[in-house]
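What follows is each chain in one-letter form.
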Amino acid sequence: MEAPSTPSKSRNPNKFQSSSSSSSHHHSAMARKSSLVKQTIVCSACFVLVLYAFFNTFLHPTDSPPSPLFPDGVVRDDVFVGSAVAASRVKVFMYDLPRQFTVGIIEGHARARGSSDFSKSRYPGHQHMGEWYLFADLNRTEEERVGSPVVRVLDPEEADLFFVPVFSSLSLIVNTNRPGADQAYSDEKMQDELVQWLEQQVYWRRNSGRDHVIAAGDPNALYRVMDQVKNSVLLLSDFGRVRPDQGSLIKDLIIPYAHRINSYTGELGVEKRGTLLFFMGNRYRKDGGKIRDLLFQMLETEDDVIIKHGTQSRENRRAATRGMHTSKFCLNPAGDTPSACRLFDAIVSLCVPVIVSDSIELPFEDVIDYKKIAIFVGTKASLRPGYLASLLRGVSTERILEFQKELKQVVSHYFEYGEPNGAVNEIWRQVSQKLPLIKLMINRDKRLIKRDLSEPDCSCLCTNKTGFLTSI
């Protein structure tokens, strides 16, 4: 190693030959030796670090993990690698449920609509069909599950989490408004039998269901047995029909509705969007949805506003598609619960959502800044005469274009269930992030005696009940 000899070239031998004593010469020699040793150690350490960097970079290259969509609007790369997931994907075991909780519900839905050939029965399209996409995802091969943060395991002993693929939302609408339908099907019976089946499973009993994941997208899904499944990670559309001790932002997930109208594929801009504000939906709702009728009264006389009463039908979906695709803003008031499918229809239409729902919770809010893709208006403010239309007319074309650009960035990755690396992967990402809390609560339960609590325990977090300020 040449580095230690370099300092000796700068020394002057004559200077040391003229020293006053042998003692001084001895100490100087010791100092030189000490200096040489220190420099040797430093140079050796640097050499080792250089070798490590070389081998780590060129012989074992690793890509730095891509960033998620932060509030600055940067969309993640196609393949998700989270900081906690990069080394080891979360292992999920999916129960092979009795057919009465899966395929049997699809057949019951088809039977109620006059079908007798169940060989061609498919899961029907509806706004809470996220449960189907999650089930279908775990039935695909790992090669097909590009970028998923979870891996399916077939041995429950290897699992971190357990997925219960019950079609709870579809079950609710098997016989809805169907005179003469097969009344042998009962959603309540399905719920009771599901809990009975779960309570017979050793892995459910082991941790009281805390490490289980259940989709209950419809606000009324599993309402009869919610107390029995509330320990699980619930995939919900909102917290409108669950108590604070049943559902929370800490324990559970808000998932997007499946949009029911076609996505907008045209150019950004306002030239083809001649309507200021559009709404088409049920005018009369219960609870927080009562604001709809009041907004109808306020807005139906505005010249550049289209606000229509309409229920779910194929023709109304076509009309809603035309309306949303040709409007600058889309009104999204509360329904019977704080959320509604219309918000997600507006998002995929690049029609800037105007949200009037003080208690709404939104999906993937850890990575999406909704202030960049939507306008929030408090309920009281929205009912002031002329306020809402005047507010929206004051939004510049440039600002609308900014909203549209942000909307376009998030649509496919966060709000399209059919995309290979879309909403399903985002749901699994958030489920994976619950694992540390799940383990904490499981271990905590082992040391606590059972208590009757009058308030939610520490796994719960009360949802937003304070409303929000109007924002643009």
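Read on for an overview of the structure.

Cut-offs used in this document
- Residues numbered from 1 in each chain as written.
- Predicted model: local features only at pLDDT ≥ 70, side-chain atom pairs only at ≥ 80, totals over all residues.
- Heavy atoms only, no water.
- Pairing = 2+ DSSP bridges.
- Helix = DSSP H or I, 4+ residues; strand = E, 2+ residues; numbered from the N terminus.
- Disulfide = S-S within 2.5 Å.
- Buried < 20%, exposed > 50% of the residue type's maximum accessible area, 1.4 Å probe, protein only.
- Expected span 1.5 Å × (residues − 1).
- Contact = heavy atoms within 4.5 Å.
- Polar contact = N/O pair within 3.5 Å; in protein donor to acceptor, adjacent residues only side chain to side chain.
- Phe/Tyr/Trp six-rings, centres within 6.5 Å; stacked < 30°, edge-to-face > 60°.
- Lys NZ or Arg CZ within 6 Å of the ring centre and 35° of its normal.

What follows deals with the sheet that holds strand β1 (residues 90–94). Note on sheets: strands pair through backbone hydrogen bonds, and any given pair is parallel or antiparallel. As summarised here, the arrangement of the six strands in space is β2-β1-β3-β4-β5-β6, forming an open sheet in which the pairing is parallel. The outermost strands of the open sheet, each flanked by one partner alone, are β2 (150–152) and β6 (253–254).

Take the state of the cysteines next. A full pass over the atoms with the stated rule returns one disulfide. Note on cysteine connectivity: Cys330 is disulfide-linked to Cys351, with sulfurs 2.1 Å apart. Between Cys330 and Cys351 the disulfide shows an S-S torsion of about 105 degrees. By sign, it is right-handed. Of this pair, Cys330 sits in strand β9 (residues 327–333) while Cys351 sits in the loop between α11 (342–348) and β10 (352–356); the two residues are 21 residues apart in sequence, bridging distant segments of the chain.

Turning our eyes to something else, we now look at the pairing of β1. Among the five residues of β1, four are classified as buried, and the element is accordingly described as predominantly covered. Two elements, β1 and β2, share three bridges in a ladder whose sense is parallel. Note that in β2 the partner of Lys91 across the bridge is Val151. Here β1 pairs with strand β3 (residues 161–164) via three bridges, running parallel. Each bridged residue has a counterpart across the sheet, and for Met94 the counterpart in β3 is Phe163.

Moving on to helix α6 (residues 187–198). Taking 1.5 Å of rise per residue, 12 residues should cover 16 Å, and α6 covers 17 Å from first to last C-alpha, within 8% of that figure. Against the buried residues of α6 lie α3 (103–111), β3, α5 (168–172), α7 (202–206) and α8 (226–229). Where α6 begins, the side chain of Ser186 points an oxygen toward the backbone nitrogen of Glu188, at a separation of 3.4 Å.

Within the structure shown, the criterion is met by 16 aromatic pairs. For the pair Phe162 and Tyr203, a centre-to-centre distance of 5.3 Å together with 25 degrees between the ring planes defines the contact as stacked. A residue pair is termed long-range when its members are at least 10 positions apart, and Phe162 in strand β3 and Tyr203 in helix α7 qualify at 41 residues. Looking at Tyr203, the relative accessible area reads 16%, which means it is buried. Arranged with centres 5.9 Å apart and planes meeting at 45 degrees, the rings of Phe344 and Phe415 form a pair that is tilted. Note that Phe344 is positioned in helix α11 and Phe415 in helix α14 (residues 397–415), a separation of 71 residues in sequence. Overall, the relative accessible area of 4% leaves Phe344 in the buried class. Aromatic ring contacts, followed pair by pair, group Phe93, Tyr95, Phe162, Trp197 and Tyr203 into a single cluster. In this arrangement the basic side chain of Arg273 is found over the ring face of Tyr264, its NZ or CZ atom lying 4.6 Å from the centre. Between Arg384 and the ring centre of Tyr387, over which it is positioned, the NZ or CZ distance is 4.4 Å.

As a further point, take the side chain of Ser327. Note that Ser327 resides in strand β9. Overall, the relative accessible area of 0% leaves Ser327 in the buried class. Within the structure, Ser327 has its side chain in polar contact with the backbone oxygen of Gly323 (distance 2.6 Å). With sequence-adjacent residues up to four places away left out, Ser327 is seen in contact with Arg273, Thr275, Phe278 and Cys351.

By the secondary structure assignment, Val431 is in helix α15 (residues 423–433). Exposure remark for Val431: the relative accessible area of 1% places this residue in the buried category. A C-alpha to C-alpha distance of 9.1 Å links Val431 and Leu161, two positions 270 residues apart in sequence. Apart from residues no more than four positions distant in its own chain, Val431 is found in contact with Leu161, Val213, Leu235 and Leu253.

Counting buried positions along α3 yields seven of nine residues, so the element is predominantly enclosed. Where α3 is concerned, the buried positions are Gly104, Ile105, Ile106, Glu107, Gly108, His109 and Ala110. Of the surrounding elements, those touching the buried residues of α3 are α4 (130–138), α5 and α6.

A separate point is the sheet that holds β9. Spatially, the five strands line up as an open sheet ordered β8-β7-β9-β10-β11, and their pairing is parallel. Bordering the open sheet on either side are β8 (305–309) and β11 (375–376), each of which pairs with just one other strand. In terms of strand pairing, β10 meets β11 through two bridges, oriented parallel. Bridge pairing in β11 places Ile355 opposite Phe376.

With that settled, the discussion passes to unusual backbone geometry. A positive phi is found at Ser208, a non-glycine position, where the angle reads about 55 degrees. With respect to the secondary-structure elements, Ser208 resides in the loop between α7 and β4 (212–215). Judged by its relative accessible area of 41%, Ser208 falls in the partly exposed class. Phi is positive for Leu222, which is not a glycine, with a value near 60 degrees. As for its position among the elements, Leu222 is in the loop between β4 and α8.

Any link to function would need more than the numbers given here.
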